[in-house]
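Observations on chain architecture
Residues per chain are reported as follows:
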Amino acid sequence: MLHSQTHLRSRPISAGHLRAFEAVARHLNFRAAAEEMALTQSAVSRQIQSLEEEVGVPLFLRHTRAVELTSAGAQLLLAVQQSLPRIDGAVRMIRQNAGRKSVSLTTFASFASMWLIPRLEAFQRDNPEIDIRIDASDAALDLDIADVDIALRYGPRENMPPDALRLFGETITPVASPWLIKSNPQIKGPADIAHFTLIEAGDAHRTHLEWLTWRRWFEVNNLSRAQPRRWLYFNYAYQMVQAALTGQGVVLARSSLIAESLANGDLVEVLPHYRMDSPMAYWLITGPRSAQRSEIQAFNEWLLSQAITTRETIGEVPDPDTIDQMD
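The structure reproduced in this document is the subject of the present report. Once a new chain begins, its residue numbering starts again from 1 and follows that chain's sequence as written. Local features in a predicted model are, by the rule used here, given only for residues with pLDDT of at least 70; side-chain atom pairs are given and counted only at 80 or more, and totals for whole chains, interfaces and linings are based on all residues. The basis for every side-chain value is the complete set of non-hydrogen atoms in the structure, without hydrogens or water.

**As for helix 4 (residues 41-55)**
By definition, any uninterrupted DSSP run of H or I lasting at least four residues is a helix, any uninterrupted run of E lasting at least two residues is a strand, and each is numbered from the N terminus. Multiplying one less than the number of residues by 1.5 Å gives the expected span of a helix. Over its 15 residues, helix 4 runs 21 Å from end to end, which matches the ideal 21 Å to within 8%, given 1.5 Å per residue. Buried residues of helix 4: Ala43, Val44, Gln47, Ile48, Leu51, Glu52 and Glu54, and no others. After helix 4 finishes, the residue glycine 56 shows a positive phi value of roughly 105°. When a residue's accessible area, from a 1.4 Å probe over protein chains only, is under 20% of the maximum for its type it is buried; when over 50% it is exposed; and in between it is partly exposed.

Rendered as structure tokens:
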């Protein structure tokens with residue numbers, strides 16, 4: 001008997017009784033939980049009793065007209081409240097997507113906001129039968145195990161898997177809104193930049209993106225001691241560019257992310273002869289379980305065609321047959 005109890009309490013509990021537990025814990029009343037679940041009160045009571053036997057400790061203190069959670073019950077409730085909505089959400093998505101073509105991709109927030117989403121309407125117009133799901137996060141997902149088809153990533157060649165396709169590179173250049181430049185002293189050289197508010201990432205000096213900083217730009221241009229009139233810091237590239245678009249200062253921007261804003265005149269390069277080369281590039285990575293699906297192939301072809309346009313806009317036009325070998 002003791003062996004049986006030990007075996008019982010070491011295995012995972014069955015999930016079938018957790019909804020009854022959550023309902024009782026929420027109402028602190030067996031009758032109300034039973035009415036919500038369209039069960040009899042005795043059926044709910046049996047489910048709770050079975051769950052307590054599986055867990056090995058009481059989850060509720062039963063009083064004459066009320067119940068209350070034990071400390072163990074409160075601990076389990078916290079986990080159940082976090083888990084059940086996620087399970088329900090996954091089931092809804094599975095049911096909704098059953099039989100439908102879909103593309104799920106992950107990329108970082110600034111790239112999604114500044115490059116991908118503004119172009120996405122064209123793909124949706126030409127492929128109305130394909131659903132798109134975008135996970136904009138700085139966390140790198142493992143495509144071998146994650147429920148994601150495509151990753152659009154940013155970094156040097158050595159940090160990418162061998163099958164990554166290079167979309168385009170970038171240069172770093174100071175940009176501002178045209179009316180800000182017209183309403184302030186003329187910029188003739190790098191030293192004149194210090195007359196403006198400079199926009200920068202607040203954590204750039206503490207991360208691998210230090211080469212994106214104004215300090216590095218000043219050092220490259222022999223102005224290591226230069227200080228601007230004022231600093232303006234943000235967390236994300238799209239926030240910094242938005243501030244520049246509204247005339248709040250000058251930002252060191254990534255050419256590939258602002259190509260359209262430069263082309264339509266919303267932003268201007270204030271010193272086009274003082275661009276900095278970037279060691280980084282943008283990459284397309286397809287998950288091994290997704291590569292053969294027709295909708296993934298269609299989306300990748302569209303991405304590569306959009307990348308050609310971006311390369312042309314920023315003046316980077318390599319041989320298309322060698323774009324995945326470029327650094």
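**Examining the nonpolar core**
Side chains of a nonpolar character, in soluble globular proteins, are inclined to be buried together. Joining through side-chain atoms within 4.5 Å is the link that ties buried Ala, Val, Leu, Ile, Met, Phe, Trp, Tyr and Cys residues into a set, and such a set is a nonpolar core. In this structure, Leu116, Leu152, Ile193, Val250 and Phe299 are the most contacted members of the largest nonpolar core, which totals 53 residues. Per element, the largest residue contribution to this core is 6 residues, and it comes from helix 6 (residues 109-126). Discounting residues that sit within four places of it in the chain, leucine 116 has contacts with Leu105, Phe111, Ile134, Leu152, Phe299, Trp302 and Leu303. Membership of the second largest hydrophobic core comes to 19 residues, among which are Leu18, Phe21, Val24 and Leu77. Contacts are assigned to residue pairs with any non-hydrogen atoms lying within 4.5 Å of each other.

**Points about the pattern of salt bridges**
The term salt bridge refers to a side-chain nitrogen of Lys or Arg lying within 4 Å of a carboxyl oxygen of Asp or Glu. This structure, assessed with the given rule, holds 11 salt bridges. When the shortest N-O distance is used, the salt bridge between glutamate 52 and arginine 62 registers 2.9 Å. With glutamate 52 in helix 4 and arginine 62 in strand 1 (residues 60-62), the pair connects residues that are 10 residues apart, well separated along the chain. The class of glutamate 52 is buried, set by a relative accessible area of 12%. Among the residues examined, arginine 62 registers a relative accessible area of 41% and is labelled partly exposed. Aspartate 149 is the partner of arginine 293 in a salt bridge, and the nearest nitrogen-oxygen pair spans 2.9 Å. Taken together, the residues arginine 293 in the loop between strand 13 (281-286) and helix 11 (294-313) and aspartate 149 in the loop between strand 4 (130-136) and strand 5 (150-155) connect sequence positions 144 residues apart. Residues joined by salt bridges that share partners form a network here, namely Glu22, Arg26 and Glu36.

**Here we look at helix 6**
With 18 residues, helix 6 extends 25 Å between its outermost C-alpha atoms, agreeing within 8% with the 26 Å of an ideal straight helix rising 1.5 Å per residue. All of the buried residues in helix 6 are Ala109, Ser110, Phe111, Ala112, Met114, Trp115, Leu116, Arg119, Leu120 and Phe123.

**Observations regarding the environment of alanine 72**
With respect to the element layout, alanine 72 can be found in helix 5 (residues 71-97). C-alpha separation for the pair alanine 72 and valine 55, spaced 17 residues apart in sequence, amounts to 9.4 Å. Ignoring anything within four residues of it in the chain, the contact list for alanine 72 reads Val57, Pro58 and Leu59.

**Side note on the side chain of threonine 107**
For threonine 107, the location among the structural elements is in strand 3 (residues 101-107). Not counting the four nearest positions on each side in its chain, threonine 107 is found in contact with Ala112, Asp135, Ala136, Ser137 and Leu152.

**Some details on the packing of aromatic side chains**
In this analysis, rings of Phe, Tyr and Trp, with Trp reduced to its six-membered ring, are considered paired at centre separations within 6.5 Å, and the interplanar angle assigns stacked below 30 degrees, edge-to-face beyond 60, and tilted for intermediate values. Counting across every chain of the model gives 19 aromatic pairs. For the ring pair phenylalanine 108 and tyrosine 154, a centre distance of 5.7 Å and an interplane angle of 45° mean the geometry is tilted. Residue phenylalanine 108 is found in the loop between strand 3 and helix 6, and its partner tyrosine 154 is found in strand 5; the two are separated by 46 residues along the sequence. For phenylalanine 108, a relative accessible area of 14% translates into the label buried. Between phenylalanine 108 and tyrosine 282 the ring centres are 6.4 Å apart and the planes differ by 25°, which places this aromatic pair in the stacked class. Of this pair, phenylalanine 108 sits in the loop between strand 3 and helix 6 while tyrosine 282 sits in strand 13, and the two are 174 residues apart along the sequence. Taken as a pair, phenylalanine 108 and tyrosine 282 share a single burial class, namely buried. Aromatic ring contacts, followed pair by pair, group Phe108, Phe111, Trp115, Tyr154, Phe168 and Tyr282 into a single cluster.

**Remarks on the sheet that holds strand 3**
Strand pairing requires that DSSP identify at least two bridges connecting the strands. With respect to topology, 5 strands assemble into an open sheet ordered 4-3-5-13-6, the strand pairing being mixed. Each of the sheet's edge strands pairs with one partner strand only, and the pair in question is strand 4 and strand 6 (165-168). Between one strand and the next, the sheet's axes are offset by a mean angle of 25°, whatever the strand orientation. The pairing of strand 3 with strand 4 spans 7 bridges and is parallel. When the bridges of strand 4 are listed, serine 104 appears paired with arginine 133. For helices, the fitted line uses only the C-alpha atoms of the stretch in contact; every axis is such a line through C-alpha atoms, and the angle between N-to-C directions lies from 0 to 180 degrees. Contacts between helix 6 and the sheet are confined to strand 3, strand 4, strand 5, strand 6 and strand 13, with strand 4 contributing the most and set at about 170° to the helix.

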